[in-house]
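Tertiary structure, described
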Amino acid sequence: MTNKRKLAVTGGRVIDPGQGIDKTADVLIVDGKIEDIVDAGGSYADYEIIDATGKVVTPGFVDLHTHLREPGQEWKETIATGTQAAAQGGFTTVCAMPNTDPVQDSASVIEDVLRKANSEGAVRVLTIGAITVGQQGKQLSPMGELADAGVIGFSDDGNPVNDANLMRQALAYSVDLGLPIINHAEDKKIRGNGVMAAGEVATRLGLAGAPAEAETAMVARDLHLADLTGAQLHVPHISTIGSLVALRSAKECGVNVTAEVTPHHITLSDRWVYGERGDVPEVVGLDAYDTNTKVNPPLRNVSDRDAMVEGLAEGLIDIIRPTTRPTLRPTKYVLMTRRHMGSTFSRLRLRKSLRTRPETSSD
Amino acid sequence: MTTTVTPSTESGIASTRKNLIDIDDLTREEILEILDSAEGMLEIASRDVRKTPALRGKTIITMFFENSTRTRVSFEQAGKILGADVINVTASASSVSKGESLLNTVKTLQAMQVDALVVRHPHSGAPYFIAKHADAAVVNAGDGTHAHPTQSLLDLFTVHQHVGDLAGKKVALAGDILYSRVARSDIHAFQKLGAEVSIACPNTLLPNEWKPGTRLDESSGFGGVNIAKSVDEAVDGADVVMALRIQKERQDAGHLPSMREYSDRWGINSKRMALANSDALLMHPGPMNEGVEISTDVAHGAQSVVEEQVMNGVAVRMAVLYTLCAPGRSSRLNGSSDEVA
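Residues numbered from 1 in each chain as written. Chains lettered and ligands numbered in written order. Predicted model: local features only at pLDDT ≥ 70, side-chain atom pairs only at ≥ 80, totals over all residues.

**Notes on the overall build of chain A**
When its secondary structure is counted, chain A shows 10 helices and 15 strands. When the 363 residues of chain A are sorted by exposure, 48% land in the buried category. For chain A, contacts bridging at least 24 residues in sequence account for 70% of all contacts bridging at least 6. (Helix = DSSP H or I, 4+ residues; strand = E, 2+ residues; numbered from the N terminus. Buried ≥ 20, exposed ≤ 12 C-beta atoms within 10 Å, placed from the backbone. Contact = placed C-beta atoms within 7 Å.)

**Focus on the overall build of chain B**
Within chain B, the secondary structure is distributed over 15 helices and 10 strands. Counting across all 341 residues of chain B, residues that qualify as buried make up 51%. Contacts in chain B between residues far apart in sequence, at least 24 positions, make up 75% of those at least 6 positions apart.

**Regarding the sheet that holds strand β3 (residues 116–121) of chain B**
Residues and elements named next belong to chain B. Strand order across the open sheet formed by 4 strands is β2-β1-β3-β4, with parallel pairing between neighbours. Since the sheet does not close on itself, it has two edges, and those belong to β2 (85–90) and β4 (137–143), each with one partner. The mean inter-strand angle of the sheet, taken between neighbouring strand axes irrespective of direction, is 15 degrees. Examined bridge by bridge, strand β1 (residues 59–64) and β2 share 6 bridges and lie parallel to one another. Bridge pairing in β2 places phenylalanine 64 opposite threonine 90. (Pairing = 2+ DSSP bridges. Axes fitted to C-alpha atoms, helices over the stretch in contact; angles between N-to-C directions.)

**Some words on the domain arrangement of chain B**
Residues and elements named next belong to chain B. For chain B, the assigned domains are domain 1 (13–146 + 311–340) and domain 2 (149–309). Opposite the 25 residues of domain 1 that make contact, domain 2 presents 22 residues. Counting residues per element, the ones that place at least two in the side of domain 1 that touches domain 2 are α2 (28–45), β4 and α14 (306–325). The element contributing the most residues to the side of domain 1 that touches domain 2 is α14, with 6 residues. Taken together, the residues of the side of domain 1 that touches domain 2 sort by class into 12 nonpolar, 7 polar and 6 charged. (Domains from an automatic or database assignment. Nonpolar A, V, L, I, M, F, W, Y, C, P; charged D, E, K, R; others polar.)

**As for the pairing of β3 of chain B**
Residue and element names in this part refer to chain B. Where burial is concerned, most of β3 is hidden: 6 out of the 6 residues are buried. As paired strands, β1 and β3 are joined by 5 bridges and run parallel to one another. Note that in β3 the partner of isoleucine 60 across the bridge is alanine 116. The parallel pair β3 and β4, bridged by helix α6 (residues 126–133), forms a crossover whose chirality is right-handed. (Right-handed = clockwise from strand over helix to strand, strands pointing away.)

**Re unusual backbone geometry**
Residues and elements named next belong to chain A. Here aspartate 101 and proline 102 are connected by a cis peptide whose omega angle stands at 5 degrees. With an omega dihedral of 0 degrees, the bond running from asparagine 296 to proline 297 counts as a cis peptide bond. Its place among the elements puts proline 297 in the loop between β14 (257–261) and α9 (302–314). The phi angle at arginine 69 is positive, at roughly 65 degrees, despite the residue not being glycine.

**Quick word on the environment of glycine 12 of chain A**
Residue and element names in this part refer to chain A. Secondary-structure assignment places glycine 12 in strand β1 (residues 6–16). Given 21 C-beta atoms within 10 Å, glycine 12 falls into the buried group. In sequence terms glycine 12 and glycine 315 are 303 residues apart; their C-alpha atoms lie 26 Å from each other. Ignoring any residue separated from it by four or fewer positions in sequence, one finds glycine 12 in contact with Ala52, Thr53, Lys55, Val56 and Val57.

**Some remarks on the pairing of strand β9 (residues 240–243) of chain B**
Residues and elements named next belong to chain B. Burial along β9 is two-sided: Val240 and Met242 and Val241 and Ala243, pointing in opposite directions, are all buried. When strand β5 (residues 170–174) meets β9, the two strands line up parallel, connected through 4 bridges. Each bridged residue has a counterpart across the sheet, and for leucine 173 the counterpart in β9 is methionine 242. Alignment of β9 against strand β10 (residues 281–283), held across 3 bridges, turns out to be parallel.

**Concerning helix α8 (residues 241–252) of chain A**
Residues and elements named next belong to chain A. When the terminal C-alpha atoms of α8 are compared, their 17 Å separation across 12 residues agrees well with the 16 Å that a helix rising 1.5 Å per residue should span. Of all the positions in α8, only Ile241, Ser243, Leu244, Ala246, Leu247 and Ala250 are classed as buried. Close packing links the buried residues of α8 with α7 (213–229), β13 (233–235), β14 and α9. One or two positions beyond α8, positive phi appears at glycine 254, with a value near 85 degrees. (Expected span 1.5 Å × (residues − 1).)

**Structural notes on the packing of α7 of chain A against α8 of chain A**
Helix-helix packing: each pair is described by the crossing angle between the helix axes and the interaxial distance. Residue and element names in this part refer to chain A. The contact between α7 and α8 brings their axes to 8 Å, and the two run at 15 degrees. Our classification of the angle between α7 and α8 gives roughly parallel. For α7 against α8, the interelement crossing comes out right-handed. Between α7, through Glu213, Glu215, Thr216, Val219, Ala220, Leu223 and Asp227, and α8, the contact on the second element is made entirely by Gly242, Ser243, Ala246 and Ala250. (Parallel < 35°, antiparallel > 145°, perpendicular 65-115°, else oblique. Left-handed = near helix turned anticlockwise from the far one by under 90°.)

**A look at the confidence of the model for chain B**
Residues and elements named next belong to chain B. Here chain B averages 87 in pLDDT, while 88% of its residues score no lower than 70. Between residues 1–16, whose pLDDT stays under 50, and residues either more than four places distant or in other chains, the model counts 28 contacts. Within the model, pLDDT remains below 50 along residues 329–341, and this stretch shows 24 contacts once partners closer than five positions in the same chain are excluded. Across the predicted assembly, pTM comes out at 0.85 and ipTM at 0.84. (pLDDT = per-residue confidence, 0-100.)

**Points about the sheet that holds β13 of chain A**
All names here are of chain A. Spatial ordering of the open sheet is given by β9-β10-β13-β14-β15, a layout of 5 strands whose pairing is parallel. One side of each edge strand has no neighbouring strand; the edge strands of this open sheet are β9 (154–155) and β15 (319–320). Note that β9 and strand β10 (residues 181–182) share 2 bridges and pair parallel. What sits directly across from serine 155, in β10, is isoleucine 182.

Structure (C-alpha cells):
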C-alpha cells in the first residue's frame, strides 16, 4: 500500500470537452486516478514520466457500438479480448451490442455479460438490449426488464426494425424508460445485393450498388416516428447527404435525436474501392476491388463524405464512433462480392478522425 | 522486333499488359493489332486442316465458374487450332463460395506451369484477383457484371469486316445495361475505335446515376455515351444495332412488368430495324431470347450477323491467345504503341 504508482503525462495537448480544457498541460495520475492537471513544465521527482509532447491527451473514449461476441461466438472474440483491444485503442468504455447468442433480449443474458465484464473486462462494459425478441423484428423484447438489468439503450444491431408500426411502439414504450432506441439505418430491400455504394465507381466496376436512399429512407422514417412519440432516437452510422438533411430538419423541429458517423465515412469514399487510395484510375488496375473497403454502410460518394465532415463541424452529427466486427474470416483472399461487411480500420480510426477535423475548422 | 518493355505513359497499363482483363486496358492501336491478327486466324480456322503449331507446347487452362457454351468452346477450339494443350476446369458453385479455395485453385494450377488461364466467373473483379496471384497470362472470359473483353473484340472484328473504319459510325445497344458485362466492354471497345455509342433500356435496368436524355461525362468512365429516351431514338440512323440478352430474373426482381411489355417497348424487331441505316448490322452476343429482346424474323434476317459473331469469336480468341502466349511475343503488346506511332 505504501508504493503508490505515480504517473505524470507531460507536455501533451490536454483536451477534455467535459471540463472545457484545451491546453498544453501535465496530467498527474496516482494509482490509476487523475489527481491533478497542472501547467506544463513542472518536475515530478517520484513520478514515472510519459512524455506526450506533440501528442493529444484526452479522457478515455467511449465506443458506442462494440461486438464482444460473448456469449455465443467466443472463437471470434470474448469479453476479455474485446475489452483489451478497446483499451489498446484508447477506449475505456464500450457498449456491447445485443447480437450475441443468445441475444441480449433478457435480463439473464445482460446480467451474465455484466458479471463477466466485471471479472474479465479490461475496460468498462455497458450493454445495449435488443428492441425485439431475438432481434427478429416481430415482438418487443421485455424492455422494462432489460432497463432494470442495466441496459443503456435498445437496438436490434444490424437488423433494422422494418415494421414501421413496431418501431413506433418501441419508441413510445422507451419514453417511460428514458432510454434511446438505436435502429440500424438501412432499408435492406432498397439495398438489395449492393456490395458498395451505387454510383460511378460501382457502375464501372460492375459491382451491385446500394443507393444512398436505402439509408436515407429509413432515417427519415425513424425521425418522423421519434417526432410522433417524443422518444429519444439515436441514428447510427449516418453516411448520406439525405440523412443529414433529414437530421437537420428534425433537430430544428426539436426532435430528441443524436447521430453518429464512423471515421471512415468522414475520410474515405467509394473511390477507394479502385485500390488507388482515393484516386480515379485511367484504367482499372489489379488493386481494384479492394475488399478492405467493404463496409456497411458502404463508403459513399465523395459528396456524401464531404457532407459528413461538414455535418460534424456544424455539430449536426454528435458522435464519431468506430466500427469493428471481430471475425476469423480472412479478408485478404476473398472476392468483393463474397467478403463479409466489416471494417478493419480499428487501429487507424482515431488518427483518421483527428486528421480530418482541423481541415474543416480552417475554412 | 524488340521485346523490350516500354513503360506506358498511362499509369498501370504496363503492369497489366500480360493479361486481357478489360478492353479499357487496351489502346486503339493494340485493338487494331488484335483485329489484324484475327484476320489471319480466321483464314487458318477456315482451312480444311485446321491446325498450326504456333502454340505447341503451351498449356492453356479454361476455368469456367459459370455456365457457358460458346465462349468456353470457342476458347478451347482457338487453343487447339493453335496447337496448345487445352485443359478445361469447371468448378461447381459450392467450391467457389469460399474465396480461399479460388486462391488455392489458382496456386495449384500455377504450380503446373500453365501459360494462360482463361477465366469465366460470376463475380465481378475475379480475374483481377486471379491475375494478382498468378504468373500465367489471365484472359477474362466474362466476370460478373463487369467485363467481357473477348466478346467485344469479336463484336468489333465482325463490324470491322463489314464496314472497315468504325470512326463516326453509330452503334446502338439495347437491353439490360445494368447487369451486362457485354454492354460495359462494348461501350469501351466501340468508343476506342471512334464510334458513337447510344444505349437504350428501361430506367430500371440503367445504373442510378445514368439519366435518359443525357450524355455521360468523362468521370463516369464511359464518357460520351448517349443515353436515349427510347429504343427508337437509339436505333434511328444506326449503323450497328446490338440487342442484349434480357434475363427472366429481371422480371422476378421487379425490374420489368413482363417480358411481353419489354418486347413491345424495347425489343428489336423489323419495324425498329427500319429506323436504322438500310445496311445496318444486327448483332446479339447470344444466347438469344427470340421474341423477347430480338424478334425471330430479324434475328435470322438479312441484316443479322449473329452467326458470323460466333465464328469470329474463335478467330479473335486465337488472336488473343497467340498475342499473350506465343514464344517471344509475350511482351509484344508492350511496345506496340510505339511501333504504330
